[in-house]
Amino acid sequence: LVATQDLTRLDPLTGLFNRRSLVEQAPRLWRQARRDGTRVAALVLDLDHFKRLNDAHGHAAGDAVLQEVAGALSAAVRPSDILARTGGEELVVLGLVSDPDEAAHLAERLRSAVAAGRTAAGHAVTASIGVALTRPTDGESATDGLWRLVDRADAAMYEAKQQGRDRVVALAVPRARSPLAVDAPAPTPVDVG
């Protein structure tokens, strides 16, 4: 039974949490952020030129890189952070932070950890990282809030790619004052890398 539960919550290649685990753990993180008055940070990491590595060296090399990156990130995240592989070469880190600087420092630590990694065959990659923050509000669905936050971090990650890859770009998510505030335009990205 435990092995079956692990299969539904863990990515089989990397041993990291999967999307389902992220959704299951969001309510706990949202409650804790409201209780402690902290923010939830989402970091979306996408490995740079991963398709090119797979095409040039084969999927076994790509798998080895993913495993190396998973190990490097696992060693670099804080014990309370949630690290998940959400698909392909994309990973998400969720954690509680006191301010944007703390999130930026964490993202930079993760970017450096990925860049420093190398497989036994000598393959290495870099990562573009997007960061977004939110302050969960009472009555907000943690799952809805999670995906809004991840979408914003994903947009920041694409901005990091456009700025040249192997960097961190952060987006602050304004606190919604009313249901209408959800339709506010996305904030301007700020390069923190």
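In what follows, the structure referred to is the one given above.
Residues numbered from 1 in each chain as written. Predicted model: local features only at pLDDT ≥ 70, side-chain atom pairs only at ≥ 80, totals over all residues. Heavy atoms only, no water.

1. Comments concerning the side chain of Asp-48
Next, step 1: By secondary structure assignment, the location of Asp-48 is in the loop between β1 (39–47) and α3 (50–57).
Next, step 2: For Asp-48, a relative accessible area of 3% corresponds to the buried category.
Next, step 3: Within the local environment of Asp-48, its side chain forms a polar contact with the backbone nitrogen of Asp-166, the two atoms lying 2.9 Å apart.
Next, step 4: Other than its neighbours up to four places away in sequence, Asp-48 contacts Val-125, Thr-126, Ala-127, Ser-128, Lys-161, Arg-165 and Asp-166. (Helix = DSSP H or I, 4+ residues; strand = E, 2+ residues; numbered from the N terminus. Buried < 20%, exposed > 50% of the residue type's maximum accessible area, 1.4 Å probe, protein only. Polar contact = N/O pair within 3.5 Å; in protein donor to acceptor, adjacent residues only side chain to side chain. Contact = heavy atoms within 4.5 Å.)

2. Here's the deal with α3
Next, step 1: Taken together, the buried positions of α3 are Phe-50, Leu-53 and Asn-54. All buried residues of α3 fall inside an arc of 95° around its axis, so they share one side. Along α3, exposed side chains directed more than 90 degrees from the buried face belong to Lys-51, Arg-52, Asp-55 and Ala-56.
Next, step 2: In this structure, the buried side of α3 is in contact with β1 and α4 (59–76).
Next, step 3: Two residues or fewer past α3, Gly-58 is found with a positive phi of approximately 95°. (Arc of directions from axis to C-beta.)

3. What to know about the packing of α4 against helix α5 (residues 100–116)
Next, step 1: At a minimum axis distance of 9 Å, the contact between α4 and α5 shows a crossing angle of 145°. For α4 against α5, the interelement crossing comes out right-handed. Every residue of α5 that contacts α4 at Val-69, Ala-72, Leu-73 and Ala-76 is listed here: Leu-106, Arg-109, Leu-110, Ala-113 and Val-114.
Next, step 2: Residues that form the contact of α4 with α5 fall into these classes: 8 nonpolar, no polar and 1 charged. (Axes fitted to C-alpha atoms, helices over the stretch in contact; angles between N-to-C directions. Left-handed = near helix turned anticlockwise from the far one by under 90°. Nonpolar A, V, L, I, M, F, W, Y, C, P; charged D, E, K, R; others polar.)

4. Structural notes on the nonpolar core
Next, step 1: Among the nonpolar cores identified, the biggest contains 32 residues, and Leu-43, Leu-47, Leu-110 and Ile-129 are the most heavily contacted of them.
Next, step 2: When contributions to this core are tallied by element, the ones reaching two or more residues are β1, α3, α4, β3 (90–97), α5, β4 (127–134) and β5 (168–172).
Next, step 3: Considering each element in turn, this core owes the most residues, 7 residues, to α4.
Next, step 4: By size, the runner-up hydrophobic cluster in this structure holds 20 residues, among which are Val-40, Leu-94, Ala-142 and Leu-146. (Core = buried A, V, L, I, M, F, W, Y, C linked by side-chain atoms within 4.5 Å.)

5. Quick notes on the pairing of strand β2 (residues 82–87)
A regular strand places its side chains so that they alternate between the two faces of the sheet.
Next, step 1: By the criterion of burial, β2 is predominantly enclosed, with 5 of the 6 residues buried.
Next, step 2: Taken together, the 5 bridges between β2 and β3 define a ladder with antiparallel strand orientation. Directly across from Arg-85, in β3, lies its bridge partner Leu-91. (Pairing = 2+ DSSP bridges.)

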